[in-house]
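Descriptive analysis of the structure
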Amino acid sequence: MTQTKVDQAIKGAIGLLLVALAFVIVYTMQDHIVAAGDTAPNFKLTADNGKQFTPRDFGGKVLVLNFWASWCPPCVQEMPSLNEFQKMFAADGVVVLGVSVDHSEKNYRTMVKSFKVVFPTVRDPEENVSYKYGTYKVPESYIIDRNGKVVRKFVGLPEEGGVAKLWTDPEIVGFVRSLL
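Source: prediction; values computed, not measured.

Considerations on the overall build of the protein chain
Check the secondary structure of the protein chain and you find 5 helices and 7 strands. Each helix and strand of the protein chain, placed in order from N terminus to C terminus, yields the pattern α-β-β-β-α-β-α-β-α-β-β-α. Computed over C-alpha atoms, the radius of gyration of the protein chain comes to 21 Å, more than 25% over the 16 Å expected from 2.2 N^0.38 for 180 residues, which places it beyond the range of a compact globule. Its C-alpha atoms give the protein chain principal-axis dimensions of roughly 80 × 35 × 35 Å. Counting only residues that meet the buried cut, the protein chain has 38% of its 180 residues in that class. Pairs at least 24 residues apart make up 68% of the contacts formed inside the protein chain by residues separated by at least 6 positions. If you sum the accessible surface of the protein chain, you get close to 10,200 Å²; carbon and sulfur atoms cover 59% of it. Side-chain charges of the protein chain comprise 20 positive and 19 negative groups, with the mean position of each set lying 5 Å from the other.

Structure below.
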């Protein structure tokens, strides 16, 4: 009789473990796509100069997190206006952080140098941070408010003709000013 209870307990435990395993598998296979209203995922990125960036570094500031690549035509097109946007808002507590998904460090450096990028940039060639945000296409940008909430998301789809944002557009400028 005791052996039967032990067998039933083991079968029950195995059943619970299988249910837990199924839950873990289903959860990890889902796309984690960040949308407006979500809390911005945590990240840790290291710039070429060794400086590390985490969301805490931008506490109290509006953060524009821009994912880009040198091989992406819309990314190249929007870089000048993103530079102007950063210059326009630098004194107001708005920071642009450019996250390149370039695998080629040379191409990354060439683009940053050729556009004389005025905002901090980092490389994420393994796309660890872009994965946390559910970013699979570039350019893609997130405006994150002072409390760490994503308030706007802009997606550019190169295979659909590309969508380069004009960051000095009055609608975007007005929206960001409303966050200050």
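Structural notes on the side chain of Asn-83
With respect to the helices and strands, Asn-83 occurs in helix 2 (residues 73-89). For Asn-83, the side chain forms a polar contact with the main-chain oxygen of Phe-115, separated by 2.9 Å. Within the structure, the side chain of Asn-83 is placed 3.4 Å from the backbone oxygen of Lys-116, a separation counted as a polar contact.

Digging into the pattern of salt bridges
It is possible for side chains bearing opposite charge to pair when their charged atoms get close. The tally for this structure, following the rule as stated, stands at 6 salt bridges. Taking the shortest distance from any N to any O, the salt bridge between Lys-87 and Glu-84 comes out at 3.5 Å. Note that Lys-87 and Glu-84 are positioned in helix 2 at a spacing of 3 residues, about one turn of the helix. The exposure class of Glu-84 is partly exposed, given its relative accessible area of 40%. Residue Arg-123 pairs with Glu-105 through a salt bridge whose shortest N-O separation is 3.9 Å. Placement of the pair is Arg-123 in strand 5 (residues 121-123) and Glu-105 in helix 3 (residues 105-114), with a sequence separation of 18 residues. Residue class for Glu-105 comes out partly exposed when judged on its relative accessible area of 37%.

Focus: helix 5 (residues 170-179)
Those residues of helix 5 not exposed but buried are Ile-172, Val-173 and Val-176. The arc that holds every buried residue of helix 5, seen down its axis, measures 100 degrees, which confines them to one face. Opposite the buried face of helix 5, at more than 90 degrees from it, the exposed residues are Pro-170 and Ser-178. At its buried positions, helix 5 is contacted by helix 2, strand 4 (94-100), strand 6 (140-144) and strand 7 (150-155). The N-cap of helix 5, judged by a side-chain oxygen 2.7 Å from the amide nitrogen of Glu-171 a few residues on, is Asp-169.

Quick notes on the packing of helix 2 against helix 5
Running from amino to carboxyl end, helix 2 crosses helix 5 at an angle of 35 degrees, the nearest separation of the two axes being 12 Å. Considering the relative orientation of helix 2 and helix 5, their crossing is right-handed. Residue-level inspection shows Phe-85, Met-88 and Phe-89 of helix 2 in contact with helix 5, the latter providing Ile-172, Val-173, Val-176 and Arg-177. Grouping the constituent residues of the contact of helix 2 with helix 5 by class yields 6 nonpolar, no polar and 1 charged.

Cut-offs and rules
Residues numbered from 1 in each chain as written. Predicted model: local features only at pLDDT ≥ 70, side-chain atom pairs only at ≥ 80, totals over all residues. Heavy atoms only, no water. Helix = DSSP H or I, 4+ residues; strand = E, 2+ residues; numbered from the N terminus. Rg over C-alpha atoms; globule rule 2.2 N^0.38 Å. Buried < 20%, exposed > 50% of the residue type's maximum accessible area, 1.4 Å probe, protein only. Contact = heavy atoms within 4.5 Å. Areas by Shrake-Rupley, 256 points an atom, 1.4 Å probe, with all protein chains shown as cover. Lys, Arg positive; Asp, Glu negative; His and termini not counted. Charge placed at Lys NZ, Arg CZ, Asp CG, Glu CD. Polar contact = N/O pair within 3.5 Å; in protein donor to acceptor, adjacent residues only side chain to side chain. Salt bridge = Lys/Arg side-chain N within 4 Å of Asp/Glu carboxyl O. Arc of directions from axis to C-beta. Axes fitted to C-alpha atoms, helices over the stretch in contact; angles between N-to-C directions. Left-handed = near helix turned anticlockwise from the far one by under 90°. Nonpolar A, V, L, I, M, F, W, Y, C, P; charged D, E, K, R; others polar.

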